[in-house]
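Structural overview for review
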There are 2 protein chains.
Amino acid sequence: MKKQVTIKDIAEKLGFSVSTVSRALKDHPDISIKTREAVKELAKLLGYKPNRIALNLKNSKTYTIGLLVPETQHYFFSTIINGIEEVAYENNYNVMVFQSNDKYMREVLNIQALLSNRVDGVLVSYAKETRDFSHFQQIIDNEIPLVFFDRIKKDLHADTVSVDDYHGAFQAVSYLLGKGCRRIAIYSAPQHLLLGQNRLRGYKDALEKNGIPFNKDLVYSCDTYQDAIKISRSIFKKKDMPDGLFAVNDMTALGAMKAARKLGISIPEELKIVGFENSLSSSICDPELTTVDQFGFEMGKKATKLLLKRIEQNSFDYTPEHLQIKTQLIERGTC
Amino acid sequence: MKKQVTIKDIAEKLGFSVSTVSRALKDHPDISIKTREAVKELAKLLGYKPNRIALNLKNSKTYTIGLLVPETQHYFFSTIINGIEEVAYENNYNVMVFQSNDKYMREVLNIQALLSNRVDGVLVSYAKETRDFSHFQQIIDNEIPLVFFDRIKKDLHADTVSVDDYHGAFQAVSYLLGKGCRRIAIYSAPQHLLLGQNRLRGYKDALEKNGIPFNKDLVYSCDTYQDAIKISRSIFKKKDMPDGLFAVNDMTALGAMKAARKLGISIPEELKIVGFENSLSSSICDPELTTVDQFGFEMGKKATKLLLKRIEQNSFDYTPEHLQIKTQLIERGTC
DNA sequence: GGAAAAATCTTTTGCGCAAAGGTTTTTTTC
DNA sequence: GAAAAAAACCTTTGCGCAAAAGATTTTTCC
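Notes on the structure follow. Fair warning: this is a prediction, and the values are worked out from it, not measured in the lab.

Considering the packing of helix α2 (residues 18–25) of chain B against helix α3 (residues 33–46) of chain B
Residues and elements named next belong to chain B.
- As a packed pair, α2 and α3 sit with axes 9 Å apart at the nearest point and diverge in direction by 90°. Here α2 lies roughly perpendicular to α3, going by the angle between them. Facing α2, whose interface residues are Thr20, Val21, Ala24 and Leu25, α3 presents Thr35, Arg36, Val39, Lys40 and Ala43.
- When grouped by side-chain class, the residues that make up the contact of α2 with α3 number five nonpolar, two polar and two charged.

A closer look at the relation of the copies chain A and chain B
- Mapping chain A onto chain B calls for a rotation angle of 180° and an axial translation of 0.0 Å; the resulting RMSD is 0.1 Å. Expressed as an axis order, the relation between the two copies is that of a two-fold axis.
- Both copies share a contact surface, since 98% of the interface residues of chain A are interface residues in chain B too.

Re the protein's contact with DNA strand D
- DNA strand D sits among 25 residues. The nearest are A:Ser17, A:Thr20, B:Ile7, B:Tyr48 and B:Lys58.
- Taking the atoms of DNA strand D that fall within 4 Å of the protein, sugar and phosphate contribute 59% of them.
- One of the side-chain nitrogen or oxygen atoms of A:Ser32 is found 3.0 Å away from a phosphate oxygen of DNA strand D.
- Secondary structure elements with two or more residues in the surface near DNA strand D: α2 (18–25) and α4 (52–59) of chain A together with α2 and α4 (52–59) of chain B.
- For the surface near DNA strand D, a count of residues per class yields eight nonpolar, ten polar and seven charged.

Description of the sheet that holds strand β8 (residues 244–247) of chain B
Residue and element names in this part refer to chain B.
- If you walk across this open sheet you meet the four strands as β7-β6-β8-β9, and the pairing is parallel. Edge positions in the open sheet fall to β7 (219–221) and β9 (272–274), since each of these has one partner strand only. Sheet twist, expressed as the mean angle between neighbouring strand axes with direction ignored, is 20°.
- Here β8 pairs with β9 via three bridges, running parallel. Following the sheet pairing, Phe246 is matched in β9 by Val274.
- Packing of helix α9 (residues 194–209) onto the sheet brings it into contact with β6 (184–188), β7 and β8, and relative to β6 it is tilted by some 170°.
- Sitting on the sheet, helix α10 (residues 225–236) touches β6 and β7, and the angle it makes with β6 is about 155°.

Regarding the protein's contact with DNA strand C
- In the vicinity of DNA strand C lie 24 residues, with A:Ile7, A:Tyr48, A:Lys58, B:Ser17 and B:Thr20 positioned nearest.
- Of everything in DNA strand C that lies within 4 Å of the protein, sugar and phosphate atoms constitute 58%.
- In the model, a phosphate oxygen of DNA strand C is placed 2.9 Å from a nitrogen or oxygen of the A:Ser22 side chain.
- A:Ala54 is positioned with one of its backbone polar atoms (N or O) 3.3 Å from a base nitrogen of DNA strand C.
- Contributions of two or more residues to the surface near DNA strand C are made by α2 and α4 of chain A together with α2 and α4 of chain B.
- Here the residues of the surface near DNA strand C are counted per class, giving eight nonpolar, ten polar and six charged.

Here we look at the pattern of salt bridges
- Taken as a whole and judged by the stated rule, the model has 35 salt bridges over all chains.
- Taking the shortest distance from any N to any O, the salt bridge between A:Arg183 and A:Asp240 comes out at 3.2 Å. In this pair, A:Arg183 sits in the loop between α8 (165–178) and β6 (184–188) while A:Asp240 sits in the loop between α10 (225–237) and β8 (244–247), placing the two residues 57 residues apart along the sequence.
- Given a relative accessible area of 43%, A:Asp240 falls into the partly exposed group.
- Among the salt bridges present, the one from B:Asp27 reaches B:Lys40, with a minimum N-O distance of 2.9 Å. Residue B:Asp27 is located in the loop between α2 and α3, and its partner B:Lys40 is located in helix α3; the two are separated by 13 residues in the primary sequence.
- Taking relative accessible area as the criterion, B:Asp27 reaches 41% and is therefore assigned partly exposed.
- Owing to a relative accessible area of 33%, B:Lys40 belongs among the partly exposed residues under this scheme.
- One salt-bridge network, held together by shared partners, links A:Asp159, A:Lys309, A:Arg310 and A:Glu321.

Notes on the sheet that holds strand β1 (residues 64–69) of chain A
- Strand order in this open sheet of twelve strands is β11(A)-β5(A)-β4(A)-β3(A)-β1(A)-β2(A)-β2(B)-β1(B)-β3(B)-β4(B)-β5(B)-β11(B), and the pairing throughout is mixed. Here the strands that pair on one side only, and so sit at the sheet edges, are β11 (322–325) of chain A together with β11 (322–325) of chain B. For this sheet, the mean inter-axis angle between neighbouring strands, taken without regard to orientation, is 20°.
- Sheet analysis places β1(A) next to strand β3 (residues 121–124) of chain A, joined by four bridges and oriented parallel. Looking across to β3(A), one finds that A:Leu68 is bridged to A:Val124.

Cut-off values and rules
Residues numbered from 1 in each chain as written. Chains lettered and ligands numbered in written order. Predicted model: local features only at pLDDT ≥ 70, side-chain atom pairs only at ≥ 80, totals over all residues. Heavy atoms only, no water. Axes fitted to C-alpha atoms, helices over the stretch in contact; angles between N-to-C directions. Helix = DSSP H or I, 4+ residues; strand = E, 2+ residues; numbered from the N terminus. Parallel < 35°, antiparallel > 145°, perpendicular 65-115°, else oblique. Contact = heavy atoms within 4.5 Å. Nonpolar A, V, L, I, M, F, W, Y, C, P; charged D, E, K, R; others polar. Least-squares fit on C-alpha atoms with pLDDT ≥ 70 in both. Near = heavy atom within 4 Å. Polar contact = N/O pair within 3.5 Å; in protein donor to acceptor, adjacent residues only side chain to side chain. Pairing = 2+ DSSP bridges. Salt bridge = Lys/Arg side-chain N within 4 Å of Asp/Glu carboxyl O. Buried < 20%, exposed > 50% of the residue type's maximum accessible area, 1.4 Å probe, protein only.

This is the structure in structure tokens:
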């Protein structure tokens, strides 16, 4: 590969020292206007771009934030990434993305890569498989600011930004109850994820507040489209099928809708459904899906702003904040 | 922030020179086994991670590829990103993402950032606004390998990976004709994009081959969901509404479906639709959308493999390749 | 025992840049 | 016109690492 132009090249061509060129480019008052202009002109002519790598090394600052997500193509995550890149761009930071594919081992290796790359801060939504968090502790030990989003972990020295899962679930289930549902199933996320616990809690509390006893037979562990189709098919065939469904995310809600359609179950008449996400698909399907908006773009922005605040405050000695994004029930056709 | 552990720290603690530590860590035969082990042990204990920034500078190689896309949250692009990250991960490269938001100015600035960051190669799908390509020429002038994907540009010294848009369109329109359509509308991408031209060409040729005259009144410029709803509403109200629609992407197809449903037009009886993408939503809607699979994941992988090949071959003196991803018609309910 | 050979470690350099701290040249001032 | 002050430029250093080249110690072998 071709060598990029350096200040040394400019210095040699002009007969100045590198230091003069360096200062000229930054309008240092020590350098005469004439020299400054000559330097800048040649720099432009040669297409000089400051080598950020050299600066990174010198200042031990990379203006890069590391982003670790399960998978980029999930609508929710890709929306978050959009928000992250947005704020990063505004603040002249770069974003390095890593996927865990929900694999613990890959997550650990990715964290090593982030450390080697000396990113200034890290944004993480961890893998479903992850039970051990010592790789994240490593980041913290190096005093690199860390912000968890969506899938959060509260007992580490790290800020978190999450959806108000409890409130969202409570809202959704209350809404179903208000629409007359008395037998509401929940498709639930894994219970080792905080969001899984919180949504289930919201579900329970909403039932309780309305005098409906909690029935653990109506709790199904299910968080993908395919699973939802399979599980729904078996549930909807039963005599005592539910009259309402609160789904952990839009995809499972849509899976349930697909199964219901196949079985001739009419929505919302026989079954009312509320999803969680407000994905694109939720407004495309028919009937349109009532869902809880998670504001992924906002979450990405908030998480990044918080991270940049941590990066730019000089001390690592702070008390982690735990932000929550308010959800919003989007009333549409499935209720 | 805390200083990361360096070989110097290890050297001082152990009373060796930095060079000995450096060699010990790489099992250089000059260093005694005893020393090697002592060094490695302390390195592990202190959590030493080689500083990639220093290596980047020394070797003028960053093991980072720059990725520039219009927007991360488009399903197609997020799928591509998945493929890119996959291959990058396998080859120990990192991915830096930038969004143009389809803005030319932002694209130019992002390219400057990529240059400053001395990425080893660049993957680009350029902005809709982009007419001038000199910022990409700058990358090429620096002899940094460049691969365009999806939205490609052929007359630069850059490889390209694209969907076989012509064939996909031809296939889709032929299929509509085979199903009995005689008046097929097309929702077309901007004509300055090669993919827009190619798909329109495929549409025309398919008509021609089947003896249907091309009618420019059936060509609509439309490539978003909202536009599709608006345009469809007006088209479908006409007496001479089309009996078939070939849409530039799934979102516009879905927009048309939504409009049709509102107007009581039955699909596929009164109107048959083929999309382009095979997005998630396309199999969620009802009826399920017949569409052309673009294999985004494959595209991301192929583009990255090609880029890595260019990076790792020592010479910049190569003839650009132009790969095409074969499309596949997915027959579903809208035809 | 002593020179050659082998083993083991160290010093130095450069990657590109910026900043601290020099040096030289020019201008000012009495 | 000479000292002081200001302007304009230069040399050096360090960021962390690896590799070239050099230095020291230990071993080998007749």
